[in-house]
Amino acid sequence: IAFHERKNFGKDFFKQIARYAKQRGKFAVLFPNTSLHLIYFIPTFFVLYIILFLLYVILVIRQLTEHPGSVINYGFWTSQNDVIATVIFSPLIVYFFLLVYEIGIVYWQERSLGLSLFTGIGIFLTHIVYGIYFILGFAQTLVGFNLHE
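Remember, predicted model here, so these are calculated numbers, not experimental data.

Chemist: Would you mind going over the side chain of Ser 116 with me for this structure?
Modeler: Within the secondary structure layout, Ser 116 lies in helix H6 (residues 113-143). Classification of Ser 116 as buried rests on a relative accessible area of 1%. Filtering out sequence-adjacent residues up to four positions away, Ser 116 remains in contact with Ile 103, Val 106 and Tyr 107.

Below, the structure written as structure tokens:
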């Protein structure tokens, strides 16, 4: 059994999450029978989704600024784009509601709005950091390249 000291929220906490995620990514390559599970990839998929979502929003905003009177024809609101917008927004909406649910649990237990909101931000940032460093560890191990920790 290995003891890992819990870090306070902040730089040391995120460094610990990053190291853990990177090592988990390496294990997924080195020990696929025990460590190559979809659940470990979910934060990475989330990061990729956020990137693609932001690119989509940028493209839509760019389209709207180039054709300012055409919100009905070029925005999220056309019947053609309803399916696309639903597919694009659904994961974010589900994540948002799950995050709000967790914030609510913390608020119910601690009766502190500040702590609840801080926890929500921490959960989101933890998912982002883990997602990025997991794929780094995974990719670096696949190609045999390793940056210094």
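Chemist: Mind showing me how you'd approach unusual backbone geometry here?
Modeler: A positive phi is found at Arg 111, a non-glycine position, where the angle reads about 55°. Among the structural elements, Arg 111 can be located in the loop between helix H5 (79-110) and H6.

Chemist: Would you take a moment to explain the packing of helix H1 (residues 11-30) against H6 for this structure?
Modeler: If you want to describe how two helices pack, look at the angle between their axes and the distance between the axes. Taken N-terminus to C-terminus, the directions of H1 and H6 make an angle of 40°; their axes are 7 Å apart at the nearest point. If you check the angle between H1 and H6, you find them oblique. Considering only the axes of H1 and H6, their crossing is right-handed. Of the residues that constitute the contact of H1 with H6, the class distribution is 16 nonpolar, five polar and three charged.

What counts and how
Residues numbered from 1 in each chain as written. Predicted model: local features only at pLDDT ≥ 70, side-chain atom pairs only at ≥ 80, totals over all residues. Heavy atoms only, no water. Helix = DSSP H or I, 4+ residues; strand = E, 2+ residues; numbered from the N terminus. Buried < 20%, exposed > 50% of the residue type's maximum accessible area, 1.4 Å probe, protein only. Contact = heavy atoms within 4.5 Å. Axes fitted to C-alpha atoms, helices over the stretch in contact; angles between N-to-C directions. Parallel < 35°, antiparallel > 145°, perpendicular 65-115°, else oblique. Left-handed = near helix turned anticlockwise from the far one by under 90°. Nonpolar A, V, L, I, M, F, W, Y, C, P; charged D, E, K, R; others polar.

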